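What follows is the residue order along each chain.
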Amino acid sequence: MSFVIPHTIKKNTFLLSADRCIFWEDEKTLILSDLHLGKTGHFRKSGIAIPQAVFKEDMQRLVTQLQVFKPVQVIIIGDMFHSEANKEHDFFLKWRQDFSSLPIHLIKGNHDILKKEWYALADITIHTCKMAIGNFIFVHDVYDCTIPEQGYIFSGHIHPSVNIRGLGKQSLTFPCFYFGKQYAVLPAFSKFTGTFTIEQKEGENVFALVKQTIISI
């Protein structure tokens, strides 16, 4: 068990963090997906009393990862925001001022529906479908993208989890990183999300997030 586990793809080193993100050592880039910023605010506007502490905890974890890895840029693989603008989005704009020199790239997900002017105000570079760096391609939903024969895809969207079975037919489900032969799926960075249980096949690598540690399955 560990807080960070290295994983190699095409001779590049990716550090998997127990805080639900990846640091790409070769490019000094932080990669994460599905922050869903503003989701708790969206629920509160609908009369559902979700505490704002959930949003603040996600933001603090992001700050911690920036301080630990010191990336030169951040790539967010979709669903950075959730639904229409609310007070939590305003809080993000204030947070952005503290990291104004840090380039942020967003591959738009199905929940990223804010106006173009808002993204410009937040100084976020938008990629409508995908972003490529060398042999690596970043998309939100791998099934909405044609997988190239030579490249390797990083995606999000489904909030993957894995079911770990114990004695006496007991089982627990944990968020996970999934690495297949042609593409990877990152866990949702936000803890205020549902999950989709995947079935690991031969030749695939899965890393479960158990509390503040990572376990290779």
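Refer to the preceding data block for the structure.
Residues numbered from 1 in each chain as written. Predicted model: local features only at pLDDT ≥ 70, side-chain atom pairs only at ≥ 80, totals over all residues. Heavy atoms only, no water.

**What about the overall build of the protein?**
For the record, the criterion: Numbering of helices and strands starts at the N terminus; helices are DSSP runs of H or I of at least 4 residues and strands are runs of E of at least 2. Note on classification: 1.4 Å probe, protein chains only; a residue is buried when its accessible area is under 20% of the maximum for its type, exposed when over 50%, partly exposed between these limits. By the convention used here, residues are in contact when the closest approach between their heavy atoms is within 4.5 Å. Exposure was quantified through the Shrake-Rupley algorithm and a 1.4 Å probe, taking into account, for residues, occlusion by the shown protein chains and nothing else.
The helix and strand inventory of the protein stands at four helices and 16 strands. Counting across all 217 residues of the protein, residues that qualify as buried make up 53%. Considering only contacts in the protein between residues 6 or more positions apart, those separated by 24 or more positions represent 66%. In the structure as shown, the protein presents an accessible area of about 11,200 Å², 54% of it carried by carbon and sulfur atoms.

**Here we look at helix α3 (residues 87–98)**
For clarity, the cut-off: Here the arc refers to the set of directions running from the helix axis out to each C-beta atom.
Every buried residue belonging to α3 is among Glu88, His89, Phe92, Leu93, Trp95 and Arg96, and all of these are buried. Buried residues along α3 cover an arc of 165° about the axis, so they all sit on one side. Of the residues in α3, the exposed ones pointing more than 90 degrees away from the buried face are Lys87, Lys94, Gln97 and Asp98.

**What to know about the pattern of salt bridges**
A pair can form between side chains of opposite charge whenever their charged atoms are brought close. Rules: Take a side-chain nitrogen of Lys or Arg and a carboxyl oxygen of Asp or Glu: if they are within 4 Å of each other, that pair is a salt bridge.
Throughout the structure, instances matching the rule amount to four salt bridges. Its salt-bridge partner being Arg96, residue Asp123 comes within 3.8 Å of it at the nearest N-O pair. Of this pair, Asp123 sits in the loop between α4 (116–121) and β7 (124–127) while Arg96 is found in helix α3, placing the two residues 27 residues apart along the sequence. Arg96 gets classed as buried once you look at its relative accessible area, which sits at 4%. Through salt bridges with shared partners, a single ionic network connects Glu57, Asp58, Arg61 and Lys191.

**Concerning the nonpolar core**
How we decide: For the purposes of this section, nonpolar cores are sets of buried Ala, Val, Leu, Ile, Met, Phe, Trp, Tyr and Cys residues that join through side-chain atoms within 4.5 Å.
If you look at the biggest cluster of nonpolar residues, it comprises 29 residues, and the most contacted ones within it are Leu30, Leu32, Met80, Phe81 and Phe92. Of all hydrophobic cores here, the second largest spans 24 residues; its members include Ala18, Ile75, Met131 and Leu186.

**A word on the sheet that holds strand β1 (residues 4–9)**
Our working rule: Here, strands pair whenever DSSP counts at least two bridges between them. Here an axis means a line fitted to C-alpha atoms, over the contact stretch when the element is a helix, while the angle between two N-to-C directions is reported on a 0 to 180 degree scale.
Spatially, seven strands are ordered β1-β2-β3-β4-β5-β6-β7 in an open sheet, and the strand pairing comes out mixed. Where the open sheet ends on each side, the last strands, each with one partner, are β1 and β7. When the angles between neighbouring strand axes are averaged without regard to direction, this sheet yields 25°. Relative to strand β3 (residues 21–24), strand β2 (residues 12–17) runs antiparallel, the two sharing four bridges. Among the inter-strand pairings, Leu16 is bridged to a residue of β3, identified as Ile22.

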